[in-house]
Amino acid sequence: MTDSKYFTTTKKGEIFELKAELNSDKKEKKKEAVKKVIASMTVGKDVSALFPDVVNCMQTDNLELKKLVYLYLMNYAKSQPDMAIMAVNTFVKDCEDPNPLIRALAVRTMGCIRVDKITEYLCEPLRKCLKDEDPYVRKTAAVCVAKLHDINAQLVEDQGFLDTLKDLISDSNPMVVANAVAALSEIAESHPNSNLLDLNPQSINKLLTALNECTEWGQIFILDCLANYTPRDDRESQSICERVTPRLSHANSAVVLSAVKVLMKFMEMLPKDLDYYGTLLKKLAPPLVTLLSAEPELQYVALRNINLIVQKRPEILKHEMKVFFVKYNDPIYVKLEKLDIMIRLASQANIAQVLAELKEYATEVDVDFVRKAVRAIGRCAIKVEQSAERCVSTLLDLIQTKVNYVVQEAIVVIKDIFRKYPNKYESVIATLCENLDSLDEPEARAAMIWIVGEYAERIDNADELLESFLEGFHDESTQVQLQLLTAIVKLFLKKPTETQELVQQVLSLATQDSDNPDLRDRGYIYWRLLSTDPVAAKEVVLAEKPLISEETDLIEPTLLEELICHIGTLASVYHKPPSAFVEGSRGVMHKRLPARTGSGEGTECPDVGNAAGGSAPEAAPSIIPSQGDLLGDLLNLDLAPPTTTGPTPSTSGMQMGGMDLLGGGLDSLVGTMGAGFGAAPTVMPASLNAPVGGGLGDLFDLGGGVGMPMGAYIPPKTVWLPAMKAKGLEISGTFARRAGVIQMELVLTNKAMSVMTDFAIQFNRNSFGLAPAGPLQVLTPLGPNQTIEVSLPLSTVGPVMKMDPLNNLQVAVKNNIDVFYFSCQYPISMLFVEDGKMERQVFLATWKDIPNDNESQFQIQDCHLNSEAASNKLQGSNIFTIAKRTVEGQDMLYMSIKLSNGIWVLAELKVQAGNPNYTISLKCRAPEVSQCVFQCYEAVLKN
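For the protein, the name recorded in an unreviewed UniProt entry is AP complex subunit beta, with Oncorhynchus tshawytscha as its organism.

In structure tokens:
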């Protein structure tokens, strides 16, 4: 008879009967009673009253009964801690039992009883079990250490269990090794700085030997541990890859993904011209393809991981396109993921095949899938130029089907194709306009309005089309309203005489009748542009648009590197770093791929590579707004009062003094572009009435109480332009910040035979908008062998473009002889502003708010200042100390810096008395500035 009978009785007075049976002399009756107790416990009845009676049954040789009692103990020990102590003696005895199964059972149960009072009694039995002769007991004891560490970490460290655990990595039994690795990895995760898994070539060799012989889950633990190791050079990397590759043919998909993770990471260190590199790429494809023959849920996990792998190394699966073709019975989540990967793998070689497939998908019944398929056709056109014509004709065929949602998606993607290939496919506009009435989705309506506005000069009735949208202006979504406003302004600039009333109407709707701040602001900006300088308006609104990039949905490179290090985990399914979804992410380590040089920079700390002197990764996310990012441009306006040093350059178009931003209305347009405009609205947003000079600083009175910094660091002058490259003109110089004004201090030397005059200077666009705030004042001619020193005030409101490196400045200097070009690097400390001292509470909240991914750590070596002197020196360069605390003889200085474009950098500087090496951690929402800021710290503290 089965054990199900224990779950069917619901007699009253059962506890009393069970108590009697548990105290029976007959072994069988005892066992039956314990089974009934466990059954009651399983269905949720409270049988804690029987605790002493069940514990008495522990004294038995019967393994089955012992297991049942231990099960009961684990469940109720927490609610009955005083009673649980009664069981301690039995544990101690069982840990010395001749039967290894009972020894292991005892040690496993000990680890599961989370009662503080008992833990210290369990240390001695655990120590014996860790050195037990039987491997089964040792492997169980290894896991028990991790459980005990979770309850009382200090106790485990004091008792030396961690060292014993490290010794078990060299155990002769592979399962013991695997469990020791698992336990150490678990402990290391909650203590990221403990360096428990101190891996070296010898221990790696032992792990690789154990890898072949342990169970599949043991293999996963070992592979995950290997993935955290950084090989010394490419030879060691290749050797590890060779020994891990056989795991790719394992039946368990988790083992396969863990092996792929190790190989993807170590491939970074292999030279691409190595024969083995090509072999490894070929070996990685079959196991990934095999994963797609599993059940749908596993397929989805595999596809999410493959999506990351394809972004990092598309060459692995470039010949496997057919595997990603959708099957009729695939669930929608698998279909959409396959579609995404198909586009990533699309190339000139396979585009015909892909397009035929996508056209087929666009006639399916699943609406979401059809939409994604139509969008995919557009993405293919943008990615593979040779296929663009074929893609456009495919999209036109789909539009002819007149299926509403297909037409709308097609119009959205054709808009992108126009952006990518200007003046190529505009002949299809007529077909698009025929479908105008059927559009009811905001994205499609916005796309159509953009097309009409952009190509208004080619559409005879463009004004009628846009007017038809205006009728229901207030019912449209914000996206459509913004697009309509811009399109009508474009139309007006192209056909001013015919569309005055229309533009007047839309500006009035956008500014006076709208509650949306984005719409109102854009309306006011257009209004002011049109009323002050129509030529400038034309340059702004009808400017040539940058071509859109091929892949807009690629994961940002540093995040992709981290996710590759987490292949086979939830992070690779969510496509988010663990810190984004693991609660209490203090213990989450940020991982990076190793550098290809084989120098073995740390993978755990994301910025160790940079600290060693390497520049930031090439594809780091831009902190500079893109051309179209209006909000970014507005936020980057320097709102500080204009400086009086040096004459201010005149700006073409309009003078931005303290004038009222929207004063004159559209009146001034009457003369320029025809009559018929009313005045600008008299009611304006309060914020726009403020003079430009005051800026946000005045609102919060940030400048209050900040004294004038003394002794700011000024780098020594260096030669920027040698005489031999500039027909005898030598330019050397440096940068300084004095009284809040950035100065470029130049020394001009004439080493030629002729006199030099008519000097002028210009900067190229740069990362922080540096520009001359006046002309180069060389008032007298520069004779042969003469030298002159000139100070040029700089502003930070020039045009912005991200440079590499970030602080690079390209300069052109003209004189009566020629124009000369050179580039120099300015210390970023020139941009540290005087109101950069944060309030303590704001500092604390901001530090917590900035993601841990954005934290960089660096070492400043050979610095012999105490914390007080360091703080004073840094304050001279506008690096402000917010707070200081001392922990175990180490001073921690918390500092804030504000850059001229509004970026805040927070720092923690650790100074240990007698130790010339400082550690600095920097946190910033734009992590690419961290390297430059660190260089400034180093320069200021060492000079």
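Engineer: So what's going on with the environment of Ala180? Residues and values would help.
Structural biologist: For Ala180, the location among the structural elements is in helix H13 (residues 174–190). Along the chain, Ala180 and Val145 lie 35 residues apart, while their C-alpha atoms are 9.1 Å from each other. Setting aside residues no more than four positions away along its own chain, Ala180 makes contact with Ala142, Leu165, Leu168 and Ile169.

Engineer: Just give me the short version of the sheet that holds strand S11 (residues 890–898), but keep the residues and values in it.
Structural biologist: Spatially, the five strands line up as an open sheet ordered S9-S13-S12-S11-S10, and their pairing is antiparallel. In this open sheet, the two strands that pair with only one neighbour each are strand S9 (855–860) and strand S10 (880–887). Along the sheet, successive strands turn relative to each other by an average axial angle of 20°, direction set aside. With six bridges connecting them, S9 and strand S13 (residues 918–924) associate as antiparallel partners. Across the sheet, the residue bridging to Phe858 is Ile920, located in S13. Its contacts with the sheet put helix H40 (residues 867–875) on S10, S11 and strand S12 (904–912), and the angle it makes with S11 is roughly 5°.

Engineer: Break down the pairing of strand S8 (residues 819–825) for me, citing the residues and quoting the values.
Structural biologist: Along S8, the buried face is formed by Phe820, Phe822 and Cys824; none of Val819, Tyr821, Ser823 and Gln825, which line the opposite face, is buried. Pairing between strand S7 (residues 808–814) and S8: seven bridges, direction antiparallel. Bridge pairing in S8 places Val813 opposite Phe820. Between S7 and S8, which pair antiparallel in sequence order, lie four residues.

Engineer: Break down helix H20 (residues 332–345) for me, with residues and values.
Structural biologist: Along its 14 residues, H20 runs 20 Å from first to last C-alpha, staying within 8% of the 20 Å computed at 1.5 Å per residue. Within the span of H20, buried status applies to Val334, Lys335, Glu337, Lys338, Leu339, Asp340, Ile341, Met342, Ile343, Arg344 and Leu345. Buried positions along H20 lie against helix H19 (296–312), helix H21 (351–361) and helix H22 (367–383).

Engineer: Run through the nonpolar core, naming residues and quoting values.
Structural biologist: Among the nonpolar cores identified, the biggest contains 211 residues, and Tyr72, Leu126, Val244 and Phe418 are the most heavily contacted of them. Val244 has contacts with Leu208, Leu211, Leu223, Leu226, Ala259, Val262 and Leu263, leaving out every residue within four places of it along the chain. Ranked by size, the runner-up nonpolar core spans 66 residues in total, among them Ile731, Phe763, Leu792 and Cys932.

Engineer: Talk me through the pairing of strand S2 (residues 729–738); I want residue IDs and the actual numbers.
Structural biologist: In terms of burial, S2 is a largely internal element, nine of the 10 residues being buried. Where strand S1 (residues 718–721) meets S2, three bridges bridge the pair, whose relative direction is antiparallel. The partner of Val719 across the bridge, within S2, is Ser732. Bridge count between S2 and strand S3 (residues 741–750): 10 bridges; the pairing is antiparallel.

Engineer: Outline the environment of Asp234, supporting the account with residue identities and numerical values.
Structural biologist: Looking at where Asp234 falls in the secondary structure, it is placed in helix H16 (residues 234–244). Once the C-alpha coordinates of Asp234 and Met267 are considered, the two residues, 33 residues apart in sequence, prove to be 8.7 Å apart. Not counting residues up to four positions away in its chain, the partners in contact with Asp234 are Met269, Leu270 and Pro271.

Engineer: Describe the packing of helix H10 (residues 135–151) against helix H12 (residues 161–168), with residues and values.
Structural biologist: At a closest axis distance of 11 Å, the pairing of H10 and H12 adopts a crossing angle of 140°. Here H10 and H12 pass one another in a crossing that is left-handed. Every residue of H12 that contacts H10 at Arg138, Ala142, Val145, Leu148 and His149 is listed here: Phe161, Leu162, Leu165 and Leu168. Tallied by class, residues from the contact of H10 with H12 come to seven nonpolar, one polar and one charged.

Engineer: Describe the sheet that holds S8, with residues and values.
Structural biologist: Paired through their backbone hydrogen bonds, the strands of a sheet run either parallel or antiparallel. One open sheet holds the three strands; their spatial order is S4-S7-S8, and the pairing between them is antiparallel. Bordering the open sheet on either side are strand S4 (760–763) and S8, each of which pairs with just one other strand. Within the sheet, the average angular offset between the axes of one strand and its neighbour, ignoring direction, is 25°.

Engineer: Talk me through the packing of aromatic side chains; I want residue IDs and the actual numbers.
Structural biologist: For any pair of aromatic rings, geometry is given as the distance between the ring centres together with the angle between the planes. Following the criterion strictly, the structure yields 11 aromatic pairs and no others. The interplanar angle of 85° and the centroid separation of 6.2 Å between the aromatic rings of Trp450 and Tyr455 together place this pair among those described as edge-to-face. Tyr455 shares its class with Trp450; the two are buried. The structure contains a cluster of three or more aromatic residues connected by ring pairs, namely Trp720, Phe735, Phe822 and Tyr826.

Engineer: Outline the pattern of salt bridges, listing residues and values.
Structural biologist: The full count for this structure, using the stated rule, is 32 salt bridges. When the shortest N-O distance is used, the salt bridge between Glu96 and Lys128 registers 2.5 Å. One end of the pair, Glu96, is in the loop between helix H6 (88–94) and helix H7 (100–112); the other, Lys128, is in helix H9 (residues 123–130), with 32 residues separating them in the sequence. Residues Glu834 and Arg737 are paired through a salt bridge, measuring 3.0 Å at the closest nitrogen-oxygen approach. Placement of Glu834 in the loop between S8 and helix H39 (840–849) and of Arg737 in strand S2 is noted, with a sequence separation of 97 residues between them. An identical accessibility class is assigned to Glu834 and Arg737; each is buried. Taken together, the shared-partner salt bridges in this structure form one network comprising Arg371, Arg375, Glu409, Glu441 and Glu443.

Engineer: I'd love a proper account of unusual backbone geometry, names of residues and values included.
Structural biologist: Residue Pro805 is reached from Asp804 by a cis peptide bond, and omega for that bond is -5°. Structurally, the position occupied by Pro805 is in the loop between strand S6 (787–795) and S7. Backbone geometry at Lys727 places phi at a positive 50°, although glycine is not the residue there. Of note, Lys727 is situated in the loop between S1 and S2. On the accessibility criterion, Lys727 (51% relative accessible area) is exposed. Backbone geometry places Asp758, a non-glycine residue, at a positive phi of 50°. In this fold, Asp758 is placed in the loop between S3 and S4.

Engineer: If you had to explain a negative patch on the surface to someone new, which residues and values would you point to?
Structural biologist: A cluster of acidic side chains, namely Glu464, Glu467, Glu471 and Glu501, defines a negative patch on the protein surface. Topologically, Glu501 is positioned in helix H29 (residues 500–511).

Engineer: Tell me what's going on with the side chain of Lys923, and back it up with residues and numbers.
Structural biologist: Locating Lys923 in the fold gives a position in strand S13. Among buried Asp, Glu, Lys and Arg side chains, Lys923 stands out as unpaired, with Glu855 the closest opposite charge at 4.4 Å. Looking at Lys923, its side chain comes within polar contact range of the main-chain oxygen of Ile850, at 3.1 Å. Of note is the side chain of Lys923, whose polar atom sits 3.3 Å from the side chain of Asn852. In this structure Lys923 touches Trp847, Ile850, Pro851, Asn852, Asn854, Glu855, Trp904, Val905 and Leu906, once residues within four positions along its chain are discounted.

Engineer: Can you tell me about the packing of helix H15 (residues 216–226) against helix H17 (residues 253–267), naming the residues and giving the values?
Structural biologist: Axis separation between H15 and H17 bottoms out at 9 Å; the angle between their running directions is 15°. Accordingly, the angle class assigned to the pair H15 and H17 is roughly parallel. Here H15 runs over H17; the crossing is left-handed. Residues Glu216, Trp217, Gln219, Ile220, Leu223, Asp224 and Leu226 of H15 lie in contact with H17, whose contacting residues are Ala254, Val255, Ser258, Ala259, Lys261, Val262 and Phe266. Along the lines of polarity and charge, the residues of the contact of H15 with H17 split into nine nonpolar, two polar and three charged.

Thresholds, definitions, all that
Residues numbered from 1 in each chain as written. Predicted model: local features only at pLDDT ≥ 70, side-chain atom pairs only at ≥ 80, totals over all residues. Heavy atoms only, no water. Helix = DSSP H or I, 4+ residues; strand = E, 2+ residues; numbered from the N terminus. Contact = heavy atoms within 4.5 Å. Pairing = 2+ DSSP bridges. Axes fitted to C-alpha atoms, helices over the stretch in contact; angles between N-to-C directions. Buried < 20%, exposed > 50% of the residue type's maximum accessible area, 1.4 Å probe, protein only. Expected span 1.5 Å × (residues − 1). Core = buried A, V, L, I, M, F, W, Y, C linked by side-chain atoms within 4.5 Å. Left-handed = near helix turned anticlockwise from the far one by under 90°. Nonpolar A, V, L, I, M, F, W, Y, C, P; charged D, E, K, R; others polar. Phe/Tyr/Trp six-rings, centres within 6.5 Å; stacked < 30°, edge-to-face > 60°. Salt bridge = Lys/Arg side-chain N within 4 Å of Asp/Glu carboxyl O. Patch = residues over 30% accessible without salt bridge, like charges linked within 9 Å, V, L, I, M, F, W, Y side chains within 5 Å. Areas by Shrake-Rupley, 256 points an atom, 1.4 Å probe, with all protein chains shown as cover. Lys, Arg positive; Asp, Glu negative; His and termini not counted. Charge placed at Lys NZ, Arg CZ, Asp CG, Glu CD. Polar contact = N/O pair within 3.5 Å; in protein donor to acceptor, adjacent residues only side chain to side chain. Parallel < 35°, antiparallel > 145°, perpendicular 65-115°, else oblique.

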